Amino acid sequence: EQEAGMTKWLFFSVTICVLGNSFLYGYNIGVINSPASLIKTFYSQVYLARTGNETVYNPSDKSLYYAKDDNSSTVTTTLAPVVVVTLGPKGTTIPSNDTPPVVVVRPQGLARSPDDIDKDNYIEIMWSLTVALFVFFGMVGAFTSGRVADHFGRKKGMIIMTIFMFIAAIFGGITTMVKSPECLMVSRVFVGLHNGVTVSLASLYLAEISPKKIRGAIGTCHQLFITIGILWSQIIGLPDLLAKWESWPWLFAFNAVPALVCLVAFPLCPESPRFLLIKKADEDGAKKALVKLRGTFNVENEMEEMRIEARKANTLEQFTLKKLLTTPDLKMPIIIACTLQVAQQWSGINAAMSYSTFIFKQATIAENIIPYVIVGQGAINVIATIICVPLMEKLGRRPLLIWPMCGMVVSFIVLTVCLSLLQSGNYQSSQTTLGIVCIIVMMSYIIGFAVGLGPIPFIVCGEIFRQEPRAAAMSLALAFNWICNFILMLTFRFIQKAIESYTYLIFIVILVAAIIFIVIFVPETKNRTFDEIAASIAFGRARRGARHGQDGEELQPMGGGQRV
């Protein structure tokens, strides 16, 4: 019973871990969404200035600047009124009393380039790349996370990675100052590298410092702070706060704040005792860390469990990716881990978060209302994840995966029907009602994800492997997560343009397939040791063994006689 308690050092370590890593991952999923129109306008203006079609001045400081263009002879922008001035041979002087904040200057007699016809597609590609670069380099980081975790350690690895976030904050903050979209893209590259490594390390660290009986609840904190990060990005990204023409780069510079907290506070936290004992053979260090985390010197039972696991690990060679993929006993755990990560990303959640502005526009929601609807979406995400924390240990992993996913399927079916009716043009009188229904079903979809597919894949992936292959397996599984995320982020807007309201049918099919897989293969892991869980999984009998106890004693939870 002693090991099940939360202590001040365990609470502090979990908080710093998730604030400096999980929070930043969620923040950078959501931060790109709120200033989307501002960033795309900025890209458009820089493109026009660089191609010579327009030279643009900001009358507030008379410096070279940018403006949005379209295919007509006038220039329009949602940011501010504009004035078009035709330049003579010697140019023009902008009067000091000009009130419009953006003035567009078009050289006299300059014909529009044929490239201007494709400008919108060019800007869309640039925008998709900005979103997708974060995910692509997250995938690169995920592939290296196993080596970082085993070489530097869980805690030290996360501390080292904060350097990447400081670099990202600098590049993101100077984007408009140096008039370079490339700076924002570089920022997203470093953010992706940081998040790709630290999402894996944070999941490992939380799983390895947690007492068995609250491991699921602490693991859920990872997803909880991801949702809090998303919500915070949506709040400070409101048009009334930082989502303004002059201040949107500060949204990306903010990355330095949680990174600084992590850099200062994380060295005070103990390293993972399992890493110290099993990977580094540092029994004294492991015991000190465990005593600090548990708040008691009575840790011998847990130390003995780790010694047994360490002896097993010492008889095995280091797990490389090749060994991971060729070890027969690990085939089913790897399939489960990777399938859950694929299901998490291709359920459509990051498309819903990163492109929520476009989705609600598709539902004909008024543009001035959309930012506040998105904040409401983020708040519901956080609340649902908080509710999930106690449910994780009461209901178990499987029920919280299966039933909420069924609700997500129903939500997307209703969303598809509503969007189809709106786009048919035959239900103009019901437009407001259908728009409200779209908001409601998107919120219900978010709730379903927050309770199930959000936290549980990270938890299960950390639970179904023994210590020796765990870091490599987590690295592989999270690489799948990032690959699927990258593909989705890069293609979603183009798929949405091509098939419009029927886009969500793709996610429905994936969710149904994932539900079937989980029902058949994914075992319950609640209240069981890592060894018990790993021993219970064999290809084709995970569900049967987990539910009916056909693996005998291995399936019994510690401290209880009932079978899981």
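Residues numbered from 1 in each chain as written. Predicted model: local features only at pLDDT ≥ 70, side-chain atom pairs only at ≥ 80, totals over all residues. Heavy atoms only, no water.

K.L.:
Looking at this model, I keep getting lost on the overall build of the protein chain. Mind explaining?
P.N.:
A tally of helices and strands in the protein chain yields 23 helices and four strands. Across the 564 residues that make up the protein chain, the buried fraction comes to 59%. When the accessible surface of the protein chain is summed, it comes to about 22,500 Å², and 65% of that surface belongs to carbon and sulfur atoms. (Helix = DSSP H or I, 4+ residues; strand = E, 2+ residues; numbered from the N terminus. Buried < 20%, exposed > 50% of the residue type's maximum accessible area, 1.4 Å probe, protein only. Areas by Shrake-Rupley, 256 points an atom, 1.4 Å probe, with all protein chains shown as cover.)

K.L.:
Looking at this structure, how should I read the packing of aromatic side chains?
P.N.:
Between two aromatic rings, the relevant description is the distance of the centres plus the angle of the planes. Across all of its chains, the model carries 18 aromatic pairs by this definition. Between phenylalanine 134 and tryptophan 482 the ring centres are 5.5 Å apart and the planes differ by 80°, which places this aromatic pair in the edge-to-face class. Here tryptophan 482 lies in helix H20 (residues 467-499) and phenylalanine 134 lies in helix H3 (residues 119-152), a separation of 348 residues in the sequence. We classify tryptophan 482 as buried; its relative accessible area is 1%. Here the aromatic cluster, defined as three or more aromatic residues joined through ring pairs, consists of Phe23, Tyr27, Trp232 and Phe254. Over the aromatic face of tryptophan 9 sits the side chain of lysine 292, whose NZ or CZ is 4.0 Å from the ring centroid. (Phe/Tyr/Trp six-rings, centres within 6.5 Å; stacked < 30°, edge-to-face > 60°. Lys NZ or Arg CZ within 6 Å of the ring centre and 35° of its normal.)

K.L.:
I would appreciate a short explanation of the packing of helix H1 (residues 8-30) against helix H8 (residues 256-265) in the present structure.
P.N.:
A packed helix pair is summarised by two numbers, namely the angle formed by the two axes and the spacing between the axes. The N-to-C vectors of H1 and H8 enclose an angle of 145°; their axes lie 9 Å apart at closest approach. Two packed elements cross with a definite hand, and for H1 against H8 that hand is left-handed. Residues Phe12, Ile16, Leu19, Gly20, Asn21, Phe23 and Leu24 of H1 lie in contact with H8, whose contacting residues are Pro258, Ala259, Val261, Cys262 and Ala265. Here the residues of the contact of H1 with H8 sort into 10 nonpolar, two polar and no charged. (Axes fitted to C-alpha atoms, helices over the stretch in contact; angles between N-to-C directions. Left-handed = near helix turned anticlockwise from the far one by under 90°. Contact = heavy atoms within 4.5 Å. Nonpolar A, V, L, I, M, F, W, Y, C, P; charged D, E, K, R; others polar.)

K.L.:
What is the right way to read the environment of isoleucine 278 from this model?
P.N.:
Note that isoleucine 278 resides in helix H9 (residues 273-279). With 34 residues separating them in the primary sequence, isoleucine 278 and lysine 312 have C-alpha atoms 9.4 Å apart.

K.L.:
In this structure, what is going on with the pattern of salt bridges? I would like to understand it.
P.N.:
Opposite charge on two side chains lets them pair, provided their charged atoms get close. Overall, the coordinates contain two salt bridges when judged by the stated rule. For arginine 154, the salt bridge goes to glutamate 208, with nearest N and O atoms at 2.9 Å. Taken together, the residues arginine 154 in helix H4 (residues 154-173) and glutamate 208 in helix H5 (residues 181-209) connect sequence positions 54 residues apart. A relative accessible area of 3% places glutamate 208 in the buried class. Among the ionic pairs, glutamate 283 bridges to arginine 307, the shortest N-O distance being 2.9 Å. Of this pair, glutamate 283 sits in helix H10 (residues 283-294) while arginine 307 sits in helix H11 (residues 300-314), and the two are 24 residues apart along the sequence. The class of glutamate 283 is partly exposed, set by a relative accessible area of 34%. On the basis of relative accessibility, which here comes to 15%, the residue arginine 307 falls in the buried class. (Salt bridge = Lys/Arg side-chain N within 4 Å of Asp/Glu carboxyl O.)

K.L.:
Is there a simple way to explain the confidence of the model for the protein chain in this structure?
P.N.:
Low pLDDT means the predicted coordinates in that region are not meant to be read closely. Taken residue by residue, the protein chain gives an average pLDDT of 74. The fraction at 70 or more is 75%. Averaged pLDDT values for the elements of the protein chain fall to 34 in strand E2 (residues 63-65) and rise to 92 in H8. Contacts of residues 54-117 to residues separated by more than four positions or lying in other chains number 115 contacts, the stretch itself having pLDDT below 50. The low-confidence segment residues 539-564, where pLDDT is below 50, has 54 contacts with residues more than four positions distant or belonging to other chains. (pLDDT = per-residue confidence, 0-100.)

K.L.:
Would you mind showing me how to read unusual backbone geometry here?
P.N.:
Backbone phi values are negative for most residues with the exception of glycine, while trans is the configuration of most peptide bonds. Even without glycine at this site, lysine 179 takes up a positive phi of about 55°. Here lysine 179 shows up in the loop between H4 and H5.

K.L.:
Teacher, can you tell me more about H4 here?
P.N.:
Spacing of three or four residues puts side chains on the same side of an α-helix, whose turn is 3.6 residues. Taking 1.5 Å of rise per residue, the 20 residues of H4 would be expected to cover 28 Å, and the 29 Å separating its terminal C-alpha atoms lies within 8% of that figure. Among all positions of H4, only Arg154, Lys155, Gly157, Met158, Ile159, Met161, Thr162, Met165, Ala168, Ala169 and Gly172 are buried. (Expected span 1.5 Å × (residues − 1).)

K.L.:
Would you explain H5 in this entry?
P.N.:
Under the 1.5 Å per step criterion, the end-to-end length of H5 is 41 Å for 29 residues, consistent within 8% with the ideal 42 Å. Extensive coverage of H5 is indicated by the burial of 26 of its 29 residues.

K.L.:
What is the right way to look at the nonpolar core in this model?
P.N.:
Judged by nonpolar contacts, the single largest core of 145 residues is most densely connected at Trp248, Phe266, Met405 and Phe412. Apart from residues no more than four positions distant in its own chain, tryptophan 248 is found in contact with Pro35, Leu38, Ile39, Phe42, Thr175, Thr176, Leu184 and Leu242. Counting 10 residues, the second largest nonpolar core, distinct from the first, contains Leu277, Ala286, Met303 and Met306. (Core = buried A, V, L, I, M, F, W, Y, C linked by side-chain atoms within 4.5 Å.)

K.L.:
Even after reading the chapter, I still don't get the packing of H1 against H5, so can you show me in this structure?
P.N.:
Running from N to C, H1 and H5 cross one another at 150°; their axes reach a closest spacing of 9 Å. The pairing of H1 with H5 is recorded here as roughly antiparallel in orientation. Viewed along their axes, H1 and H5 form a crossing whose handedness is left-handed. The residues of H5 that touch H1, namely those facing Leu10, Ser13, Val14, Cys17, Val18, Gly20, Asn21, Ser22, Leu24, Tyr25 and Asn28, are Arg188, Val191, His194, Asn195, Thr198, Val199, Ala202, Tyr205, Leu206 and Ile209. Among the residues making up the contact of H1 with H5, the classes are represented as 12 nonpolar, eight polar and one charged. (Parallel < 35°, antiparallel > 145°, perpendicular 65-115°, else oblique.)

K.L.:
Sorry if this is basic, but what is going on with the environment of valine 437 here?
P.N.:
Relative to the helices and strands, valine 437 is located in helix H18 (residues 431-451). Placed 19 residues apart in sequence, valine 437 and cysteine 418 show a C-alpha to C-alpha distance of 7.5 Å. In this view, valine 437 contacts Val414 and Cys418; residues no more than four positions away in its chain are not counted.

K.L.:
For this particular structure, what's the right way to read the side chain of threonine 162?
P.N.:
Tracing the backbone through its elements, the reader meets threonine 162 in helix H4. Exposure remark for threonine 162: the relative accessible area of 0% places this residue in the buried category. Within the structure, threonine 162 has its side chain in polar contact with the backbone oxygen of isoleucine 159 (distance 2.5 Å). When neighbours within four sequence positions are excluded, threonine 162 is seen to be in contact with His194, Ala259, Cys262 and Leu263. (Polar contact = N/O pair within 3.5 Å; in protein donor to acceptor, adjacent residues only side chain to side chain.)

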